Protein chains: 2
Amino acid sequence: MAKVAFIGLGVMGFPMAGHLAARGHAVTVFNRTPARSQAWLETHPGRSAETPAAAAADADFVFTCVGNDDDLYQVTLGPDGALSRMRAGSILIDNTTASADAARKLHLEAGKLGIPFLDAPVSGGQAGAENGKLTVMVGGDAEAFAQAETVIASYARAVVHMGVAGAGQLTKMVNQICIAGLVQALAEGLAFAKNAGLDGERVIDAISKGAAQSWQMENRGKTMLASQFDFGFAVDLMRKDLGICLEEARRNGSLLPVTRVVDAYYAEIQKRGGGKLDTSSLMMLVDRDH
Amino acid sequence: MAKVAFIGLGVMGFPMAGHLAARGHAVTVFNRTPARSQAWLETHPGRSAETPAAAAADADFVFTCVGNDDDLYQVTLGPDGALSRMRAGSILIDNTTASADAARKLHLEAGKLGIPFLDAPVSGGQAGAENGKLTVMVGGDAEAFAQAETVIASYARAVVHMGVAGAGQLTKMVNQICIAGLVQALAEGLAFAKNAGLDGERVIDAISKGAAQSWQMENRGKTMLASQFDFGFAVDLMRKDLGICLEEARRNGSLLPVTRVVDAYYAEIQKRGGGKLDTSSLMMLVDRDH
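Positions within a chain are numbered from 1, following the residues in the order the chain's sequence is written. Whichever chain is written first is A, and whichever ligand is written first is 1; the rest continue in order. For a predicted model such as this one, the threshold for reporting local features is a pLDDT of at least 70, and the threshold for listing and counting side-chain atom pairs is 80 or more; totals across whole chains, interfaces and linings nevertheless cover every residue. By convention in this description, side-chain values take in all heavy atoms of the structure and omit both hydrogens and water.

**Quick word on the overall build of chain A**
Assigned secondary structure in chain A consists of 13 helices and nine strands. Relative to the compact-globule value of 19 Å for 290 residues, chain A shows a C-alpha radius of gyration of 20 Å, a close match. Projected onto the principal axes, the alpha-carbon positions of chain A cover approximately 65 × 45 × 35 Å. Burial classes: relative accessible area under 20% of the type maximum marks a residue as buried, over 50% as exposed, and values in between as partly exposed (1.4 Å probe, protein chains only). Evaluated residue by residue, chain A yields a buried proportion of 59% over its 290 residues. Areas reported here follow the Shrake-Rupley algorithm with a probe of radius 1.4 Å; residue values treat only the protein chains shown as occluding. In the form shown here, chain A has an accessible surface area of approximately 11100 Å², with 51% of it arising from carbon and sulfur atoms. Positive charge is attributed to Lys and Arg, negative charge to Asp and Glu, and no charge count is given to His or to the chain ends. Note that the charge is assigned to NZ on lysines, CZ on arginines, CG on aspartates and CD on glutamates. The positive charge centre, built from 27 side chains, and the negative charge centre, built from 31, are 1 Å apart in chain A. For the purposes of this entry, the term helix denotes a DSSP run of H or I that reaches at least four residues, the term strand denotes a run of E that reaches at least two, and both are numbered from the N terminus. We compute the radius of gyration over the C-alpha atoms and compare it with the globule rule, which gives 2.2 Å times the number of residues raised to the power 0.38.

**Here we look at the relation of the copies chain A and chain B**
Superposition of the two copies of the chain requires a rotation about an axis and a shift along the axis. In this comparison the copies share one frame, found by least squares on the C-alpha atoms of residues holding pLDDT of at least 70 in both. Note on the identical chains: chain A maps onto chain B by a rotation of 180° and an axial translation of 0.0 Å, with an RMSD of 0.0 Å. Both copies of the chain, as the preceding transformation shows, are related through a two-fold rotation axis. Two residues qualify as a contact provided that any one of their heavy atoms is within 4.5 Å of a heavy atom in the partner residue. Comparing interface residues between copies, 100% of those in chain A also sit at the interface in chain B, which points to an isologous, same-surface contact.

**A word on the pairing of strand β4 (residues 61-64) of chain B**
Residues and elements named next belong to chain B. Residues Phe61 and Phe63 point to one face of β4 and Val62 and Thr64 to the other, with burial holding for every one of them. By the convention used here, strands pair only if DSSP detects at least 2 bridges between them. With four bridges connecting them, strand β1 (residues 3-7) and β4 associate as parallel partners. Across the sheet, isoleucine 7 pairs through a bridge with threonine 64, a residue of β4. Relative to strand β5 (residues 91-94), β4 runs parallel, the two sharing four bridges.

**Some details on the interface of chain A and chain B**
Contacts between the two partners involve 57 residues from chain A and, on the opposite side, 57 residues from chain B. Put simply, buried area is the surface a 1.4 Å probe can reach on two separate parts but cannot reach once they are joined, added for both. Summed over both sides, the interface of chain A with chain B buries roughly 4700 Å², with 67% coming from carbon and sulfur. Under this definition, polar contacts are N or O atom pairs within 3.5 Å; protein pairs additionally need one hydrogen-donor-capable and one acceptor-capable atom, and for neighbouring residues in sequence, both atoms have to be side-chain atoms. Scanning the region where chain A abuts chain B turns up 13 residue pairs in polar contact (both at pLDDT 80 or more). Sort the elements by how many residues they give to the side of chain A that touches chain B and helix α8 (residues 167-195) of chain A lands first, with 20 residues. Partitioned by chemical class, the residues of the side of chain A that touches chain B number 35 nonpolar, 16 polar and six charged. All residues other than Ala, Val, Leu, Ile, Met, Phe, Trp, Tyr, Cys, Pro, Asp, Glu, Lys and Arg, Gly among them, are scored as polar; the first ten of these are nonpolar and the last four charged.

**Overview of the domain arrangement of chain A**
Residues and elements named next belong to chain A. Note that the domain bounds were set by an automatic or database domain assignment. According to the domain assignment, chain A consists of domain 1 (3-163) and domain 2 (170-286). For domain 1 versus domain 2, the separation of C-alpha centres amounts to 29 Å. Residue-level contacts link 13 residues of domain 1 with 10 residues of domain 2. At the boundary of domain 1 with domain 2, total buried surface from both sides reaches about 870 Å², with 58% on carbon and sulfur atoms. Sorting the residues of domain 1 by area buried against domain 2 places Thr97, Ala100 and Met137 first, and these three jointly supply 42% of that buried surface. Here, a salt bridge means any Lys or Arg side-chain nitrogen found within 4 Å of an Asp or Glu carboxyl oxygen. If you look at where domain 1 meets domain 2, you find two salt bridges. Residue arginine 251 is joined to aspartate 101 by a salt bridge in which the shortest nitrogen-to-oxygen separation is 3.4 Å.

**Comments concerning the packing of aromatic side chains**
Each aromatic pair joins two rings of Phe, Tyr and Trp (for Trp, the six-membered one) with centres within 6.5 Å, and gets the label stacked for planes under 30 degrees apart, edge-to-face for over 60, and tilted for any other angle. Counted under the stated rule, the structure contains four aromatic pairs over all chains. With 6.0 Å between their ring centres and 75° between their planes, A:Phe63 and A:Tyr155 make a pair best called edge-to-face. In this pair, A:Phe63 is assigned in strand β4 (residues 61-64) and A:Tyr155 in the loop between α7 (142-152) and β9 (156-163), connecting sequence segments 92 residues apart. Residue class for A:Tyr155 comes out buried when judged on its relative accessible area of 0%. Taken together, a centroid distance of 5.7 Å and an interplanar angle of 10° make the contact between B:Phe6 and B:Phe63 stacked. Here the residue B:Phe6 occupies a position in strand β1, and B:Phe63 occupies one in strand β4, the gap between them amounting to 57 residues. Note on accessibility: B:Phe6 and B:Phe63 belong to one class, buried. A network of ring pairs unites the aromatic residues A:Phe6, A:Phe63 and A:Tyr155 as a single cluster.

**Things to note about the packing of α8(A) against helix α12 (residues 257-271) of chain A**
Residue and element names in this part refer to chain A. Lines fitted to C-alpha atoms define the axes, with helix axes restricted to the stretch in contact, and inter-axis angles between N-to-C directions lie between 0 and 180 degrees. Across the interface, α8 lies against α12 with an axial gap of 9 Å and an inter-helix angle of 70°. The orientation of α8 relative to α12 falls into the category roughly perpendicular. In this structure, α8 meets α12 at a crossing whose hand is left-handed. Contacts between α8 and α12 involve Ile177, Ala180, Gly181, Val183 and Gln184 from the first element and Val258, Thr259, Val262, Tyr265 and Tyr266 from the second. Broken down by class, the residue content of the contact of α8 with α12 amounts to seven nonpolar, three polar and no charged. To sort the angles, those under 35 degrees are grouped as roughly parallel, those over 145 as roughly antiparallel, those from 65 to 115 as roughly perpendicular, and the leftovers as oblique. In a left-handed crossing the near helix is turned counterclockwise from the far helix by less than a right angle, and in a right-handed crossing that turn is clockwise.

As structure tokens, this is what we get:
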């Protein structure tokens, strides 16, 4: 069993840190809002620390799971950041969905200290974090991956090494690009079904075994028909992710015409006050009942 | 066992008529090009006729599976069309992907003769037709559906009654709308993966268990990465179907912004001479290797 620090107890990090503790690792947590650390300690074995640096000082593996690039820089490179106290040979693993640039920068900065860095964004959502069945897409050196793999597996169904530093983040971006246009297509199809006077649920049952099938159709189709947009990945977070995708796409020469359009639709939903709704709320913009 | 006429022995109709014969129905075929009827008779029990009318004269169930609305009108309402000889109480079943208007018109015209009409477009492609595992989406009167269901089931995995005349066609349109934007999103994601230097196949393996999963990702993703666009549903046919969708959408007030864009991309592929490529060829327009 390893000594582990976990920095960032949000809706994802809280249960992920819990799975690490449940596997028997000695977990020290840090969270910007201390009440959240207190809540975690009330239900899990472990310790809490006052700063990311203090949490990380004694750890073999330091996990970060925060909001965005800036938060990530702060908890790793900032004055009380984890890297100020981590020892050479320990490994820094970031579960934040961040830019590939941030991953490359941390790989470089941690490397200077003899600390391998792995970018390890996850998919599977809050439910996946809670039941320990996330998919973890990892970029970084193969040797560090091999050392960290079984520890990461504490909260994962699959841990996949995708390539060099940044490759984990880039894979997560592919995931989000595929989802954006897919959900929009599903919304257009279901709105058409309603407008055509069809029984939408019956339509989903009829077409969800064939070439139009998708996880989104099976898991969100019927709730979209019922205008329930309150239990998946939030529009605000999706816009953050798509912003990272579109910036990276400009750099690597990718044309993402439909992804760009869908990003604009999500901006429209935010403008209407729907930033906390889930990504299937694209339905609102094409369903004339709204 | 029933007396069945089958009009239109294309890549879909040929094996569908074969499954009807294999179930023991007495099948009479008609095809515009007689050589195709000859080929069918060489491998199946049955008869061929010189005109749709002659094929339909004695039948309990008359199936049509032709190219588009105009072809459908010709083989049913034309001078030697099936309706000129069908007897009252026999049932006309159309497997063409046609407009909902055509379905409503045939429902009306056949109804005047005491002949129930069912619009029954299929999904599952050539492979589904060949192995008798199509999904059949049926519109029309419930009583006629009940009489025809087991006969249609000869070539189907699922036969679903969707509602009144036209509802089968409208359901097929939902299917095509969902596919159009979904394939474009997949193409954008996979092109991004290539441009980012990722191993695309590895990316598909990593993300195809989660929220980005789709039949298209599982069945076309890797061939798209390899620029193989030669074994699915053709762009020319998809454009015909999307034309029907977009016309119907204008009428019922559906906004299909992404579907419209993807239709324009398919037009661009046709312009480049790719009309016979399959629908996954959207990859060509976003992959900078093309």
